[in-house]
Amino acid sequence: MSKNKHILDKAVLPAPESNRYFQLLERHPYLCSLLFCLLLNPLYFGSENGIPTNAMMLETVALLIIGFYLLWRLVRYQPHRRIPAAAAGIGFTVLVLLGAGQYRKAVHPGLWLMLGGCAILAGILWLTRKQAQNQRRRISLFLIGSSFFLRLFYVCYTPITRRQHDVGRFGDENNHAGYITYLLEHHRLPDFDPRDHWQFYHPPLHHAISAVWLWLSENVFGIGSEVAQESLQTLTLFYATAVIITAYRILRHFRLEGSALYFPLAVIAFHPSFILFSGSINNDVLSVAFLLGAVLWTLKWYEKQTWEGILKIALYMGLGMMTKLSVALAAFPIGAVFLVVLVRQCKAKNWRIFGQYSAFLGICAPLGLWYPIRNLVRFGVPLNYVQEMPISAEQYLGNQSFSSRVLDFSPHQVAIVFEQFLQYDADYNEYNPLITLLKNAVFGEYINQYTVDGHPLAFSLGVVLFWTEVLLAAAAFAAMVWMFWRKHKTLGRLPGLFLVGFYGVLLFSFYQLAASAPFTCSMNYRYITPTCVIGAVFLGLAFQRLRQMEKPVCRWLYRIGYALCGGFAVFAALFYVKLGMIS
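Reference entry: report on the structure contained in this document. (Residues numbered from 1 in each chain as written. Predicted model: local features only at pLDDT ≥ 70, side-chain atom pairs only at ≥ 80, totals over all residues. Heavy atoms only, no water.)

Some thoughts on the packing of helix 7 (residues 135-157) against helix 12 (residues 259-269)
Running from N to C, helix 7 and helix 12 cross one another at 15 degrees; their axes reach a closest spacing of 10 Å. In terms of axis orientation, helix 7 runs roughly parallel to helix 12. As for how helix 7 packs across helix 12, the hand of that crossing is right-handed. Together, Gln135, Arg136, Ile139, Ser140, Leu143, Ile144, Ser147 and Arg151 of helix 7 and Leu261, Tyr262, Leu265, Ala266 and Ala269 of helix 12 make up the contact between the two elements. Classifying every residue of the contact of helix 7 with helix 12 by side-chain character gives 8 nonpolar, 3 polar and 2 charged. (Axes fitted to C-alpha atoms, helices over the stretch in contact; angles between N-to-C directions. Helix = DSSP H or I, 4+ residues; strand = E, 2+ residues; numbered from the N terminus. Parallel < 35°, antiparallel > 145°, perpendicular 65-115°, else oblique. Left-handed = near helix turned anticlockwise from the far one by under 90°. Contact = heavy atoms within 4.5 Å. Nonpolar A, V, L, I, M, F, W, Y, C, P; charged D, E, K, R; others polar.)

So, in structure tokens, the structure goes:
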């Protein structure tokens, strides 16, 4: 009893109380984030213009209830703090009401949503500051949560007509929006050759979910069609959050702790590609969420061959391929892991492994291949069909040899750190795959020098962000090369080889696409965003290794690495906040 009392006295917020909520978040992170996104949706509907008039009142009441609930729990365990708690309650109420007044007058109310959310997270971090046993949970929640509110702000200031890839407009006969519209209006799959309608060749899972969302919004909840369409970004916001959660679980699978966990996690959580994904209503982000889920469970299954693991790999792969067929690229590294395990199990005469493989094929193959096989049988569409752009496009690069594009590192290509397109009034089209990749990873295709024209702070932040990313990418690649043959003391060597193999497959596919489809838009980082997670894992492993070495150069190396990771996360956050203020 005295021991428990000592713990309660030491804690600002009682450890048993906070443990309950941390454990809930750890056990059901995807469900909790989905529910939170659904609860947020009526308060903004995917856009600052969609914020209803009563949202401020609801948010104010919710903040006051949460704040006073926490104070009440604190006083319950520590009655001697009643007077400070009462003073804190009065101060908190005044601050919330003052903030509500500023929120009502704000030009960018989404910015206040972000600041309010980060303030709550900071409060939780402070209230649990003496709970050493929850250190990892506290800091990880703050990083993931604050990056979530940054992405929420991005969604608020980004309409579905801006910075989208092949989305078009709802009601059109082409593009992703037209695909969703077709499913919404006809309640069936396209009964025509999908090659005649741009982007209709994609498997339908993302588009079907989006169509159901629109139908429920318009016909059940009575939301106007334009507002409902904007609110599709609530789905992609959740998908992007699921990506960060899965990345965190992959980092934790490698037993990363402390700074070796927090700094790589910060790189992933604040990476611009996932910020851009949160507002992009095509099928990219959902496919990445399923793809990383398959990677995570392959790592878990290799450690222990359970039925749960093999079934989840099958589901993630199958659903991922039902979202975007390029998820099938993961079949090569996952298949290699399956082969290694098969050889080991056969040597041990454990023939039950064939039952797991049969179940995998029985689930994954039908889920992932039914749509392309349907199109092959009905319309003669090749299984690996990808729609091609005409060589008359302004961004066509076919007049240059691929080798000259790869080997040309002329300084003029980085004179401007934003991606260059002739169609966006630039002097040339980006042609070098690596340089294009580095630019696109932090700014995407549609953020260029004209976006920040007249805003020197935003321009400067963009320049610093780009060069920080270049150094960080080089550090991550060096860490991967260094740790390639290292044997992890608890996991063995194969998990690292699996990630390196997956990285190699993604990079090979990227360069193969850049060669076979010589257009600037083909060199887009959104095709290989999992490389960010893989690089972060190896950075974490390298930090962990360097921290154990006593040489002064090792201490300097991991300090420089921490500075690069932290600086990248801070500059990315500042740039995209500033972008929202000038949009």
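Things to note about the environment of Glu388
Inspection of the secondary structure puts Glu388 in the loop between helix 17 (353-379) and helix 18 (402-407). Put simply, Glu388 and Ala517 are 129 residues apart on the chain and 7.6 Å apart in space, counted from C-alpha to C-alpha.

Considering helix 12
The α-helix advances 3.6 residues per turn, and as a result positions three or four apart in sequence lie on the same side. Across the 11 residues of helix 12, 9 count as buried, placing the element largely inside the fold. Turning to helix 12, its buried residues number three or more, namely Ala260, Leu261, Tyr262, Pro264, Leu265, Ala266, Val267, Ile268 and Ala269. (Buried < 20%, exposed > 50% of the residue type's maximum accessible area, 1.4 Å probe, protein only.)

As for the pattern of salt bridges
In total, this model carries 12 salt bridges according to the counting rule given. The partner of Arg137 in a salt bridge is Glu26, with the nearest N and O atoms 3.2 Å apart. Of this pair, Arg137 sits in helix 7 while Glu26 is found in helix 2 (residues 15-27), placing the two residues 111 residues apart along the sequence. Here Glu303 makes a salt bridge to Arg255, at a shortest N to O gap of 2.7 Å. Remark: Arg255 occurs in the loop between helix 11 (232-253) and helix 12 and Glu303 occurs in helix 14 (residues 284-303); sequence separation between them is 48 residues. (Salt bridge = Lys/Arg side-chain N within 4 Å of Asp/Glu carboxyl O.)

Let's talk about the state of the cysteines
Evaluation of the coordinates by the stated rule reveals 0 disulfides. Cysteine Cys32 is unpaired, with the sulfur of Cys37 as its nearest cysteine sulfur at 11 Å. For Cys32, a relative accessible area of 21% gives the class partly exposed. Take Cys554: it sits in no disulfide, and the sulfur closest to it among the cysteines is that of Cys565, at 17 Å. (Disulfide = S-S within 2.5 Å.)

Let's talk about a nonpolar patch on the surface
A surface patch of nonpolar side chains, amounting to about 480 Å² of accessible area, comprises Val212, Trp215, Leu216, Val220 and Phe221. With respect to the helices and strands, the residue Leu216 is situated in helix 9 (residues 205-220). The partly exposed category is assigned to Leu216, whose relative accessible area is 34%. (Patch = residues over 30% accessible without salt bridge, like charges linked within 9 Å, V, L, I, M, F, W, Y side chains within 5 Å. Areas by Shrake-Rupley, 256 points an atom, 1.4 Å probe, with all protein chains shown as cover.)

Some details on the side chain of Thr158
Here Thr158 lies in the loop between helix 7 and helix 8 (175-186). The class for Thr158 is buried, based on a relative accessible area of 1%. A polar atom in the side chain of Thr158 sits 2.7 Å from the backbone oxygen of Tyr154. (Polar contact = N/O pair within 3.5 Å; in protein donor to acceptor, adjacent residues only side chain to side chain.)

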